[in-house]
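Chains, contacts and geometry: an overview
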Amino acid sequence: MKVAKRAALAAAVFVLGYGAFSRFYVTPVLMYHHVDGRSQQWKLSVSPESFARQMEFLKAHRYRVIPLLDYVRLLKEGKPPPKKSVVITFDDGYEDNFTNAFPVLKKMGFQATIFVQVDGIGRSGYLTGEDLGIVAEACDRVAVMYAGQIVEEGAARGVFSEPAHPYTRELLRSTIS
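Counting starts from 1 at the beginning of each chain's written sequence and moves along it residue by residue. Only residues with pLDDT of 70 or above have their local features reported here, since the model is predicted, and side-chain atom pairs are shown and tallied only from 80 upward, although totals for entire chains, interfaces and linings are computed over all residues. Computation of side-chain values covers all heavy atoms of the structure but excludes hydrogens and water.

**What about the confidence of the model for the protein chain?**
Caution applies to low-pLDDT regions: their predicted coordinates should not be interpreted in detail. Filter applied, for reference: Per-residue confidence from the predictor is reported as pLDDT, a score between 0 and 100. A run of DSSP states H or I qualifies as a helix once it reaches four residues; a run of E qualifies as a strand once it reaches two. Both are numbered from the N-terminal end. Whether two residues are in contact is decided by their heavy atoms, any of which lying within 4.5 Å being enough.
Model confidence for the protein chain is summarised by a mean pLDDT of 74, while 64% of its residues fall at 70 or above. The secondary-structure element of the protein chain with the lowest mean pLDDT is helix H6 (residues 156-161), recorded at 39, while helix H2 (residues 48-60) shows the highest, at 97. Across residues 3-22, confidence stays below pLDDT 50; counting only partners more than four residues off in sequence or on other chains, it has 0 contacts. This stretch, residues 171-177, has a pLDDT under 50; its non-local contacts, to residues over four places away or in other chains, come to 12 contacts.

**Brief notes about H2**
Rule in force here: Under the convention used throughout, the expected extent of a helix is 1.5 Å for every residue step, that is, one less than its residue count.
With 13 residues, H2 should cover 18 Å at 1.5 Å per step; its first-to-last C-alpha distance of 18 Å lies within 8% of that length. Immediately beyond the C-terminal end of H2, within one or two residues, lies Arg 62, with a positive phi of roughly 55 degrees.

**So, the pattern of salt bridges**
The cut-off we apply is this: In the sections that follow, a salt bridge refers to a side-chain nitrogen of Lys or Arg positioned within 4 Å of a carboxyl oxygen of Asp or Glu. Relative accessibility decides the category of a residue: with a 1.4 Å probe and only protein chains considered, values under 20% of the type maximum give buried, values over 50% give exposed, and everything between is partly exposed.
Within this structure, the stated rule accounts for 3 salt bridges. Asp 36 is paired through a salt bridge with Arg 38; the nearest N and O atoms lie 2.9 Å apart. Among the residues examined, Asp 36 registers a relative accessible area of 11% and is labelled buried. One salt bridge in this structure joins Lys 79 and Glu 77, with 3.3 Å as the shortest N-O distance. On the basis of relative accessible area, Lys 79 is assigned to the partly exposed category, the value being 45%. Judged by relative accessible area, which is 48%, Glu 77 ranks as partly exposed.

Structure representation (structure tokens):
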């Protein structure tokens, strides 16, 4: 009897709680590592076909893909993100982000954020300086982060050609040029 009452109370709290919060939209942040053919062997990987289907789902169901920086600004300003919005990110800057994900994102007109491991640029399996240049050409803007802080943000071409922040300037000259 006590178990049944507790279960009923828990269900009521859940339903009431859900009802109270259901008017607020929580923006999903879709985080990817690898978009390659190893999804059966590695949990941090999704197949290119699955990634394409996921992006097609977002497009077909009219989700609004918003850049991470825009989402963060909305939160800082205390403004609600648009309903049915979603943020797409990639961790570490793997080569397959460019070869397999970038063409799909471009086709769908979606923006995404790639968190690049700076020491990986140009190494086997990671983005190259040329890849980053092509991605920058397709972007409205680029933000360079260091230690969790944005140290440079601006028009994509401007950031990569002549960044103002000394750390960014040194970093990009040594890896992209």
